[in-house]
Amino acid sequence: MDITWGKALPVWWSIAWRGTIYGVLGGFVLGFIGGFMAAMMHSPERAPVYGMIGGYIASIPASMLAVKQAISRHLPALAAIAKAG
């Protein structure tokens, strides 16, 4: 399969916006949980650290999901090869 710039740019853009949206949502949820836990432990000064750790944890599956969806949407031939292998 020949990957041209015309194919690469839409895949990159799809990965970028999906990763951003999923990362923000996941980071918000896990950051909220981390901040809530810090408040329940009477350590509100630790909330930013817990939120940051939650954001890092959320970013890994968010980026993997974004790549998977972008490849499935924009490069169906590559997705078919990956399924067969």
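Residues numbered from 1 in each chain as written. Predicted model: local features only at pLDDT ≥ 70, side-chain atom pairs only at ≥ 80, totals over all residues. Heavy atoms only, no water.

**Student:** Explain the packing of aromatic side chains to me, and be specific about the residues and the numbers.
**Tutor:** Geometry of an aromatic ring pair is reported as the spacing of the ring centres plus the angle between the planes. Evaluated as defined, the whole model comprises 2 aromatic pairs. On the basis of an interplanar angle of 45° and a centroid distance of 6.0 Å, the ring pair of W12 and W13 is categorised as tilted. As far as burial versus exposure is concerned, W12 and W13 are alike and both exposed. Seen from their ring centres, F32 and F36 are 6.4 Å apart, and the 15° between their planes marks the pair as stacked. Remark: F36 and F32 occur in helix α1 (residues 5-40); sequence separation between them is 4 residues, near one turn of the helix. Take F32: its relative accessible area is 56%, and that puts it in the exposed class. (Phe/Tyr/Trp six-rings, centres within 6.5 Å; stacked < 30°, edge-to-face > 60°. Buried < 20%, exposed > 50% of the residue type's maximum accessible area, 1.4 Å probe, protein only. Helix = DSSP H or I, 4+ residues; strand = E, 2+ residues; numbered from the N terminus.)

**Student:** With reference to specific residues and values, describe α1.
**Tutor:** Over its 36 residues, α1 extends 51 Å from the first C-alpha to the last, a length consistent with the 52 Å expected when each residue adds 1.5 Å. Restricting attention to buried positions, one finds in α1 the residues V11, S14, R18, G26, G27, G31, G34 and A38. Immediately downstream of α1, the backbone of H42 shows phi near 60°, a positive value. (Expected span 1.5 Å × (residues − 1).)

**Student:** An account of the environment of A58 is needed here, citing residue identities and associated values.
**Tutor:** Mapping A58 onto the fold places it in helix α2 (residues 47-74). What makes A58 buried here is its relative accessible area of 9%. For the pair A58 and F28, spaced 30 residues apart in sequence, the C-alpha separation works out to 9.0 Å. Beyond its immediate stretch of four places on either side in the chain, A58 contacts G26, G27 and L30. (Contact = heavy atoms within 4.5 Å.)

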